[in-house]
Amino acid sequence: MALVRSASLAFGVVINVAVSFVVFSFLDLLDRALCYVYRAADYMIESEWKPCYCSSPLEAIDGGGGGSSILVTGQGEPAKVVRLSSSRLQLEDVSDTLYSRPPLVADVSKATIRRLSRGGGGGGSGSCSPVRPCHKARTGRPGLRVSSDIVEMLKGRIVGMKPQPSPRWSDCSCKVCTSWTASTAKSLFVRSAGAKAAGMEEDVIFIHGFISSSRFWSETVYPNLSETAKSTRRFFAVDLLGFGRSPRPTDSLYTLSEHVEMIEKSVLDTHKVKSFHVVAHSLGCILALALAVRHPQSVKSLTLLAPPYYPVPEGEVAKSQYVMRKVAPRRVWPLIAFGASIASWYEHISRTVCLLICKNHRLWEFLHKLLSINSIPMFLLEGFFCHTHDAAWHTLHNVICGTAGKIDGYLDTVNDSMKCEVNIFHGEHDELIPLECSYNVQRKVPRAKVRVVEKEDHITVLVGREKAFVTELERIWNGSDSSVINGHQES
Ligand SMILES: *[C@@H]1O[C@H](CO)[C@@H](O)[C@H](O)[C@H]1NC(C)=O
Ligand SMILES: *[C@@H]1O[C@H](CO)[C@@H](O)[C@H](O)[C@H]1NC(C)=O
Ligand SMILES: *[C@@H]1O[C@H](CO)[C@@H](O)[C@H](O)[C@H]1NC(C)=O
Ligand SMILES: [Zn+2]
């Protein structure tokens, strides 16, 4: 009986691999084709195309509106981009997964060649030929060189750059989506609750995950807060840069530092926050860690829900590539992995998806109401619909993949130089981010408490169990957190 089951399981895996190969090989071609379609469409509608990451990296990065960027990289160093816009010159990290995403066929044949050449034993170790370049060279960043191009660009191209139209034709231009353009402050949209006056002892900052919004917290946590909590603390839930009602600049690369600086500017500075608790979900956990290590003395507690932490094996040079393959394995099943793979690997296909759902979000919201689909709450859908492709694409690569080399350092800082409590919640059946990720965090920070929430997934770790979760949160904020609450605790 067990034999039959394991045989059928293996069969399922084989089917998944085979179907995935066919589907993703087709998507590779489709994405190439869409590249030309969008070039033509952008040129016709905006009379200028914003270069995509299919083109040479230099050209793509150079395309930011209202300024110019130059990609520079040293041997073995993470890629850096020098951005030059009207008022700022800064070094920013971009992920190499933005411009280096080999098609599946090439990937598979590369792996085969590697296996054959290893098995064959010939060729002499350490020899790299142009036909079969050595592995190290291939995992590097192809075609990236700092050259006289930079000098050329400094001289000529910066002057006279036209700002990108905002919103772009493929983005939504409704009132909600463009509300940020009316304000001059250009800070994040923040939903606050709780005490009105400053000078309270502690504040709480909520950071949502990928393609979500502040309503992920304001619709779940806020209504369940106790009166005591509401009268003694202030609560701030942000819409991240490029998401919800926050600004969606077309000249941003949505890097980790841009996201974090916007949170600092819009919450810490604006509301004079001195010490605070952080609660974050999914991708927001990376931002929470980055924020925490910048303010180690101010953080009272860190609560992470499903943190996407994939430790990179030692000796792996292509860290971002490694993480991208973990997050987006190019498999058709489970469905959530399929979605993540489309979003990460295909710039133009994901732009098309965004064109269909984000640009038409009012239609989808109307249909949702009309058909009264109550199983998916409206606020989740809204978070899913309200962003630009530019924001989602860059955030996914620059924050999730591009930070692969940094998170270890953040966690070391949390372990060694910070005293705050670290609590992690993870749905037992989370199909997007495996439970292993949370245990990996705990391996780096042994004082972190991991709570496996039984039978729940990536979303229902909070949605649907709001009251229980808020009670746990308030205990954490109170510092009176007793060890076992709702679900077993691992250590
Ligand atoms: C907690 O929040 C949920 C979702 O907003 C709501 O349905 C529920 O009534 C709230 N519970 C309490 C006790 O307020
Ligand atoms: C974390 O901190 C503890 C106690 O300070 C220390 O014993 C441990 O080695 C640290 N762990 C890591 C992974 O650095
Ligand atoms: C947190 O502390 C406040 C006052 O110190 C208390 O009223 C409240 O019941 C506590 N909440 C929890 C969940 O422990
Ligand atoms: Zn809109």
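A quick note: this is a predicted structure, and the numbers were derived from the prediction, not measured. (Residues numbered from 1 in each chain as written. Chains lettered and ligands numbered in written order. Predicted model: local features only at pLDDT ≥ 70, side-chain atom pairs only at ≥ 80, totals over all residues.)

With that settled, the discussion passes to the overall build of the protein chain. Per the secondary structure count, the protein chain includes 19 helices and eleven strands. Counting over 491 residues, the protein chain shows a buried share of 39%. Nonlocal contacts in the protein chain, meaning residues at least 24 apart in sequence, comprise 74% of its contacts between residues at least 6 apart. (Helix = DSSP H or I, 4+ residues; strand = E, 2+ residues; numbered from the N terminus. Buried ≥ 20, exposed ≤ 12 C-beta atoms within 10 Å, placed from the backbone. Contact = placed C-beta atoms within 7 Å.)

Bringing the nonpolar core into the picture now. With 97 residues, the main nonpolar core has F206, V238, V278, A280, L287 and A288 as its most contacted residues. When residues of this core are sorted by domain, at least three fall in each of domain 1 (14–100 + 141–157) and domain 2 (175–479). Once residues lying within four places of it in the same chain are set aside, the contact partners of L287 are I207, H259, V260, I263, A280 and V399. (Core = buried A, V, L, I, M, F, W, Y, C linked by C-beta atoms within 7 Å. Domains from an automatic or database assignment.)

Looking now at the site of ligand 2. Lining the immediate surroundings of ligand 2 are D412, N415, D416, K444 and P446. Among the elements that make up the shell around ligand 2, the one with the highest residue count is helix α17 (residues 407–417) (three residues). Split by residue class, the shell around ligand 2 holds one nonpolar, one polar and three charged. (Near = placed C-beta within 6 Å. Nonpolar A, V, L, I, M, F, W, Y, C, P; charged D, E, K, R; others polar.)

UniProt feature "transmembrane region" (unreviewed entry): in the numbering of this structure it lies at residues 7–27. The distance separating the terminal C-alpha atoms of residues 7–27 is 30 Å; by composition the span is 100% helix and 0% strand. (UniProt positions renumbered as here; feature names shortened; annotations may be inferred.)

Bringing the pairing of strand β5 (residues 202–207) into the picture now. Two faces belong to every sheet, and in a regular strand the side chains alternate between them. Taking burial as the measure, the six residues of β5 include five buried ones, the bulk of the element. Where β5 and strand β6 (residues 233–238) come together, six bridges link them in parallel fashion. By the bridge assignment for β6, E202 is matched with R233. Relative to strand β7 (residues 276–281), β5 runs parallel, the two being bridged by five bridges. Bridged to I205 within β7 is V278. (Pairing = 2+ DSSP bridges.)

Another point: the confidence of the model for the protein chain. Close reading of the predicted structure is inappropriate where its pLDDT is low. For the protein chain, per-residue confidence averages 81 on the pLDDT scale, and residues scoring 70 or more make up 78% of the total. Every residue in residues 57–67 is under pLDDT 50, and counting partners more than four places away or in other chains gives 38 contacts. (pLDDT = per-residue confidence, 0-100.)

Looking now at helix α14 (residues 361–370). Note: α-helices contain 3.6 residues per turn, so residues at a spacing of three or four share the same orientation. Counting buried positions along α14 yields one of ten residues, so the element is predominantly exposed. Among the residues trailing α14, S372 stands out with phi positive, at a value near 35 degrees.

In this structure, P103 sits in the loop between β3 (89–93) and α3 (104–120). The exposure class assigned to P103 is partly exposed, which follows from the 16 C-beta atoms found within 10 Å. With 243 residues separating them in the primary sequence, P103 and Y346 have C-alpha atoms 9.9 Å apart.

Turning to the packing of α14 against helix α15 (residues 378–385), a few remarks are in order. Closest axis-to-axis distance for the α14/α15 pair is 10 Å, and the angle between their directions is 165 degrees. Comparing the axis directions of α14 and α15 gives the class roughly antiparallel. As α14 packs across α15, the resulting crossing turns out to be right-handed. Contacts between α14 and α15 pair H361, W364, E365 and H368 from the former with M378, L381, E382 and F385 from the latter. Residue composition of the contact of α14 with α15, by class: four nonpolar, two polar and two charged. (Axes fitted to C-alpha atoms, helices over the stretch in contact; angles between N-to-C directions. Parallel < 35°, antiparallel > 145°, perpendicular 65-115°, else oblique. Left-handed = near helix turned anticlockwise from the far one by under 90°.)

Attention now goes to unusual backbone geometry. Excluding glycine, residues mostly carry a negative phi; peptide bonds, for their part, are mostly trans. Looking along the chain, the bond that leaves W333 and enters P334 is cis, with omega of -5 degrees. With respect to the element layout, P334 can be found in the loop between α11 (319–327) and α12 (335–345). Of note in this structure, Y254 is not a glycine but carries a positive phi near 50 degrees. Within the secondary structure, Y254 sits in the loop between β6 and α9 (256–269).

Within the secondary structure layout, A392 lies in helix α16 (residues 389–401). For the pair A392 and A343, spaced 49 residues apart in sequence, the C-alpha to C-alpha distance is 8.5 Å. Among all residues touching A392, those that are not within four sequence positions of it are I211, C354 and H387.

What follows deals with α16. For α16, built from 13 residues, the straight-helix expectation of 18 Å at 1.5 Å per residue is met to within 8% by its first-to-last C-alpha distance of 17 Å. Within α16, 13 of the 13 residues are buried, which leaves the element mostly enclosed by the surrounding structure. (Expected span 1.5 Å × (residues − 1).)

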